[in-house]
Amino acid sequence: MDRMDSAPLVLFILIHGLISLSAMETVSAAAPPCLIDRASRGAYCYGMGLSSVPGHLPGNTEILDLSFNKIAALYNTSCFAYKQLKDLVIESNDISFIDSGTFLGLSFLQSLDLSNNKRLPALRGDMFASTALTNIQLNGSNLAHVSDDIFRAMTTTSTLGLRNNILQNVSWTACHVAFLSMSLTQNKFTELSEKSFAMDCNVDSLDLSYNPIQLISPATISSLKVRGLDMSGILLPEKELHHLFEDIHFIGYREIVPQQQREDFQYDMYVVNHDEDEVWTEEIFRRGLEENLPEYGRLAVGDEALRLGMYYLDSVSLLVENSFKVVFLISADALKNHMFLLKFRLALDHVNEVQIENIVLVFLEEIPDADLPFLIRLFLSDNRVYLMWPRDPGGQPYFWEKLGKYMTVNRYCNPLVPP
């Protein structure tokens, strides 16, 4: 066959290929631009510029992540096709309207994250078909009021995140929920009194840190049914705070902790920092540890303890495995460094492998939620351990006190409820 005879065949193949390619592109364009993980039945659609909930995901989707999109409204039909949803994340959108029946078809829903929606409307208990929610996150959403009616949708062991809102008072007197943790840090509470802070919930860990509290009623404190109360950054005299703490009503609780103790590890603490934070690490953090927590003196700081003759990341992994605690010093520069984030991923992988929580994040500065990498946001969304370094010297003794408490024990990951 000569060149002229083969031309129609080539042309046919080319046209057929273009038609096939066009068909593939049409299918791709019709499908939502989401990452589908069929093993976990998860659909991950974060940062796709979506203005509504996609309607063409697998019907058996159990995890749906719509973070960092442009969704402004949730309607009764928005999640209608996904009746098996257990975990719904729509944080960092622009939600200002939620239909009363949006969640009524989701009878298996266990976790809902609507954080960082700056115009988020109020949620009510009758908006949910499920009464087994174990985790509700409404952080950073400019909420000035949250009714305890929402607790009707929650199970007896739950986690509630209301960090970084504008709450000045709560009246939660019809509370049947026993919370594992409740975060009210970085709100606008100016006093804890009978009229501004009425709460009869049983709470394992209540975080009221970094509120502008100026007045605390001993009667209010003594009425709290909490196991642990975090008031870091509260600018009240230390003696007054300790006197108030003596009257806290603690609820019964049994911790599940690993048998392996701190003494069984080569290092008490592996401190991961960025090169730009080396001076702060040495002059502030290491010196503060020596002065305030001298019993934790077996330190591996930065790259100084890396083992010679090993590959870099293998040596980092060895430090993570041989350290009782792994502390990450978080700054804006550190979060822009690929190697720093890779070390965090290695440490998080180790936690997932051994199922023991041993990571502590220490923020050296205020960093907007929108600037946090996905893995850091994921870590914080599970209410895991983090601390904020207080600029005010008056709050620094409480920082070291709280870090000392975190250093005493590691806990097993709990697969049934959020950490």
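Above this text you will find the structure in question.
Residues numbered from 1 in each chain as written. Predicted model: local features only at pLDDT ≥ 70, side-chain atom pairs only at ≥ 80, totals over all residues. Heavy atoms only, no water.

J.: Go over the overall build of the protein, please, and point to the residues and values.
T.: Helix and strand counts for the protein come out as 8 helices and 23 strands. Expressed as a percentage of its 419 residues, the buried residues of the protein come to 49%. In the protein, of all internal contacts separated by at least 6 residues, the share reaching a separation of at least 24 is 56%. Per element, the accessible surface of the protein, about 20700 Å² overall, is 55% carbon and sulfur. (Helix = DSSP H or I, 4+ residues; strand = E, 2+ residues; numbered from the N terminus. Buried < 20%, exposed > 50% of the residue type's maximum accessible area, 1.4 Å probe, protein only. Contact = heavy atoms within 4.5 Å. Areas by Shrake-Rupley, 256 points an atom, 1.4 Å probe, with all protein chains shown as cover.)

J.: So what's going on with the pairing of strand 8 (residues 133–137)? Residues and values would help.
T.: With 5 of 5 residues buried, strand 8 lies mostly within the body of the structure. As defined by bridge partners, strand 7 (residues 111–113) adjoins strand 8 across 3 bridges and the pair is classed as parallel. Considered in strand 8, the bridge of Ser111 is made with Asn135. (Pairing = 2+ DSSP bridges.)

J.: An account of the environment of Ala43 is requested, with residue identities and associated values reported.
T.: Position of Ala43 among the secondary structure elements: in strand 2 (residues 42–44). Residue class for Ala43 comes out buried when judged on its relative accessible area of 0%. Distance from Ala43 to Glu62, taken between C-alpha atoms, is 8.1 Å for residues 19 residues apart in sequence. With residues near it in sequence (within four places) discarded, Ala43 still touches Leu35, Ile36, Leu57, Thr61, Ile63, Leu64 and Asp65.

J.: Requested: an account of the side chain of Asp369, with residues and values cited.
T.: Mapped onto the elements of the fold, Asp369 is located in the loop between strand 21 (359–363) and helix 7 (374–381). Within the local environment of Asp369, its side chain forms a polar contact with the side chain of Asn116, the two groups lying 3.4 Å apart. If sequence neighbours within four positions are ignored, Asp369 has contacts with Asn116, Arg163 and Arg377. (Polar contact = N/O pair within 3.5 Å; in protein donor to acceptor, adjacent residues only side chain to side chain.)

J.: How would you summarise the packing of helix 6 (residues 338–354) against helix 7 if you had to cite specific residues and measurements?
T.: It is at 10 Å that the axes of helix 6 and helix 7 come closest, and there the two elements cross at 40°. Taken as axis vectors, helix 6 and helix 7 run oblique relative to one another. The element helix 6 and its partner helix 7 pack so that their crossing is left-handed. Facing helix 6, whose interface residues are Phe344, Arg345 and Leu348, helix 7 presents Leu375, Ile376 and Phe379. (Axes fitted to C-alpha atoms, helices over the stretch in contact; angles between N-to-C directions. Parallel < 35°, antiparallel > 145°, perpendicular 65-115°, else oblique. Left-handed = near helix turned anticlockwise from the far one by under 90°.)

J.: Can you lay out the state of the cysteines for me, pointing to particular residues and giving the numbers?
T.: Going through the model one piece at a time under the given rule, you end up with 2 disulfides. Note on cysteine connectivity: Cys34 is disulfide-linked to Cys45, with sulfurs 2.1 Å apart. For the disulfide bridge between Cys34 and Cys45, the dihedral angle about the S-S bond is near 110°, and by the sign convention the bridge is right-handed. Of the two residues, Cys34 is situated in the loop between helix 1 (3–30) and strand 1 (35–37) and Cys45 in the loop between strand 2 and strand 3 (63–65); the sequence distance between them amounts to 11 residues. Disulfide partner of Cys175: Cys201, at an S-S distance of 2.1 Å. (Disulfide = S-S within 2.5 Å.)

J.: Can you explain a nonpolar patch on the surface? Please cite residues and give values.
T.: There is a patch of nonpolar side chains on the surface, built from Leu35, Tyr46, Phe374 and Leu378 and spanning about 340 Å² of accessible area. With respect to the secondary-structure elements, Leu35 resides in strand 1. When its relative accessible area of 53% is taken as the criterion, Leu35 is described as exposed. (Patch = residues over 30% accessible without salt bridge, like charges linked within 9 Å, V, L, I, M, F, W, Y side chains within 5 Å. Salt bridge = Lys/Arg side-chain N within 4 Å of Asp/Glu carboxyl O.)

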